[in-house]
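# Summary of the model geometry
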Amino acid sequence: MEGGDKWKILFFGGTGYIGKYMVRASVALGHPTTVYARPLSSDSIPPTNLHLRDELEAIGVTIVEGELEEHEKMVSAMREADVVISALPYPLVPAQLKIIQAIKHAGNIKRFLPSDFGVEEDRITALPPFQAFLDKKKCIRRATEAAGIPYTYVSANCFGAYFINYLLHPSEQRNDVLIFGTGDGKVVLNYEEDIARYTIKVACDPRACNRVVIYRLPKNILSQIELTSLWEKKTGRTLERVHIPEEEIVKLSQTLPDPQNIPLSIIHSVFVKGDLMSYELKEDDIEVSRLYPDMDYTSIDQLLDIFLTGNPPPPACAAFA
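How each quantity is defined
Residues numbered from 1 in each chain as written. Predicted model: local features only at pLDDT ≥ 70, side-chain atom pairs only at ≥ 80, totals over all residues. Heavy atoms only, no water. Helix = DSSP H or I, 4+ residues; strand = E, 2+ residues; numbered from the N terminus. Buried < 20%, exposed > 50% of the residue type's maximum accessible area, 1.4 Å probe, protein only. Contact = heavy atoms within 4.5 Å. Core = buried A, V, L, I, M, F, W, Y, C linked by side-chain atoms within 4.5 Å. Salt bridge = Lys/Arg side-chain N within 4 Å of Asp/Glu carboxyl O. Pairing = 2+ DSSP bridges. Axes fitted to C-alpha atoms, helices over the stretch in contact; angles between N-to-C directions. Phe/Tyr/Trp six-rings, centres within 6.5 Å; stacked < 30°, edge-to-face > 60°. Lys NZ or Arg CZ within 6 Å of the ring centre and 35° of its normal. Polar contact = N/O pair within 3.5 Å; in protein donor to acceptor, adjacent residues only side chain to side chain.

Per an unreviewed UniProt entry, the chain goes by Eugenol synthase 1-like and derives from Punica granatum.

Here it is in structure tokens:
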């Protein structure tokens, strides 16, 4: 399928933090869209999830209820799809081995996107708690390749709205801001809606088959110090910069219990070491804004305006991904 054909897309984790953005983008781009979700009878389904399911069904999404342990049910859903996108959260990353087994059994899936959507795990080395998480993601990549499943790996870097809420606390009118290390490490903060739209496009693009696609949107590359200064300019306030030394972050990552140690080790990788921009893109690397040069995206400057004057996304309760 090429050109204007629409691909049937099946989501796992489609009611989660980044998953819901992708499901909406899939529908908006005209693809028949299905979400494989836990049964409503499950005790762990929060009320917000129920409202979201109603919203998704209202825009044309098909909900298939099932557990990841129900192999035949997953296979049946996959046989009605062309693309499988997993947006499962951190604790369920290893469970994607069951999705891979079902894809192999179904035999018809033209593309699989595992739950990456963060740093490029094959190119960085992080502190042990975060590295253990990245190693689990790498295992899913290697299992996908070993199974001979066509794939696209998405390195979307940081969720922009999530980290603006986390770093700046815009709804709290705070007068200080925590700066990790020197605050000079370059990061990439991409708006979740843009990550979603780009991901649906690459999932159906022959050029992205069996490739890694990196989301380094040029207007969204900045340091934490630059982000803070930009926020100060927009709000007219001067924020006290409270620096947390690298040594303290490393120590906390070593002493806090799991999983509390993971966010600190992610902060060290992303904001202190600047791992998102620590490697050069090679000639055969795919950077998403170069792949779709005519596609508009929300700059970090525009995203801050949304927080100031629009209807900003609420803070996410999910852990870093």
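Another point: the environment of valine 83. Relative to the helices and strands, valine 83 resides in strand S4 (residues 83-86). A relative accessible area of 0% places valine 83 in the buried class. Separated by 12 residues in sequence, valine 83 and histidine 71 place their C-alpha atoms 17 Å apart. Ignoring anything within four residues of it in the chain, the contact list for valine 83 reads Trp7, Lys8, Ile9, Leu10, Ile109, Arg111 and Ala203.

What follows is about the nonpolar core. Nonpolar side chains tend toward joint burial in soluble globular proteins. Judged by nonpolar contacts, the single largest core of 103 residues is most densely connected at Phe12, Met78, Ile85 and Ile99. What phenylalanine 12 contacts, discounting residues up to four positions off in sequence, is Tyr36, Leu68, Met74, Met78, Val84, Ile85, Ser86, Ala87, Leu88 and Ile99.

Let's shift gears to unusual backbone geometry. For the bond from aspartate 258 to proline 259, the omega torsion is 5 degrees, close enough to zero to count as cis. In this structure, asparagine 157 takes a positive phi of about 65 degrees despite not being glycine. Under the relative-accessibility criterion, asparagine 157 is labelled buried at 4%. Backbone geometry places glutamine 173, a non-glycine residue, at a positive phi of 55 degrees. You can see glutamine 173 is positioned in the loop between helix H6 (160-168) and strand S8 (176-180).

This part covers the pattern of salt bridges. Within the structure shown, the criterion is met by 23 salt bridges. In this structure, glutamate 70 engages lysine 73 in a salt bridge whose closest nitrogen and oxygen atoms are separated by 3.6 Å. Of the charged contacts, one joins glutamate 145 and arginine 142 as a salt bridge, the two residues approaching to 3.0 Å between their closest N and O atoms. Here the residue glutamate 145 and the residue arginine 142 both occupy positions in helix H5 (residues 128-146), the gap between them amounting to 3 residues, near one helical turn. Given the relative accessible area of 33%, glutamate 145 is considered partly exposed. Overall, arginine 142 belongs to the partly exposed group, its relative accessible area being 35%. Each of the salt bridges in this network shares a partner with another, and the network as a whole consists of Asp116, Glu120, Glu121, Asp122, Arg141, Arg142 and Glu145.

Let us now look at the sheet that holds strand S7 (residues 158-159). Ordered by their spatial adjacency, 3 strands build an open sheet running S7-S9-S11, and the pairing between neighbours is mixed. Each end of this open sheet is capped by a strand with a single partner; those strands are S7 and strand S11 (221-223). Bridging between strand S9 (residues 186-190) and S11 involves 3 bridges; their strand directions are antiparallel. Bridge pairing in S11 places valine 188 opposite isoleucine 221. Docked against the sheet, helix H8 (residues 224-235) engages S9 and S11, running at close to 90 degrees with respect to S11.

Under the defined criterion, the tally for this structure stands at 13 aromatic pairs. Consider the rings of tyrosine 17 and phenylalanine 159, whose centres lie 5.8 Å apart with planes at 40 degrees: the pair is tilted. With a gap of 142 residues between them, tyrosine 17 in helix H1 (residues 17-28) and phenylalanine 159 in strand S7 connect regions that are remote in the sequence. Accessibility classification places tyrosine 17 together with phenylalanine 159 in one group, the buried group. One aromatic cluster is present, built from ring pairs that chain together Tyr17, Tyr21, Phe159, Tyr162, Phe163, Tyr166, Phe180 and Phe271. The cationic tip of lysine 201 hangs over the ring face of tyrosine 292; the distance from NZ or CZ to the ring centre is 5.0 Å. Positioned over the ring face of tyrosine 297 is lysine 219, at 6.0 Å from the centre of the ring.

Let us now look at the pairing of S4. Burial along S4 is two-sided: the face carrying Val83 and Ile85 and the face carrying Val84 and Ser86 are both buried. Bridge count between strand S1 (residues 9-12) and S4: 4 bridges; the pairing is parallel. Within S4, the position partnered with leucine 10 by the bridge is valine 84. Relative to strand S5 (residues 111-113), S4 is paired through 3 bridges, and the arrangement is parallel.

What follows covers the sheet that holds strand S6 (residues 152-155). The 3 strands lie next to each other as S6-S10-S13, forming an open sheet whose pairing is parallel. In this open sheet, the two edge strands, each paired with only one partner strand, are S6 and strand S13 (286-287). In the sheet, S6 pairs with strand S10 (residues 211-214) via 4 bridges, with the strands oriented parallel. Within the sheet, the bridge partner assigned to serine 155 lies in S10 and is isoleucine 214.

Structurally, glutamine 96 can be placed in helix H4 (residues 96-106). Since its relative accessible area comes to 1%, glutamine 96 is described here as buried. Polar side-chain contacts of glutamine 96 include one of 2.8 Å to the backbone nitrogen of serine 115. Excluding anything up to four places from it in sequence, glutamine 96 contacts Ser86, Leu88, Phe112, Pro114, Ser115 and Ile140.

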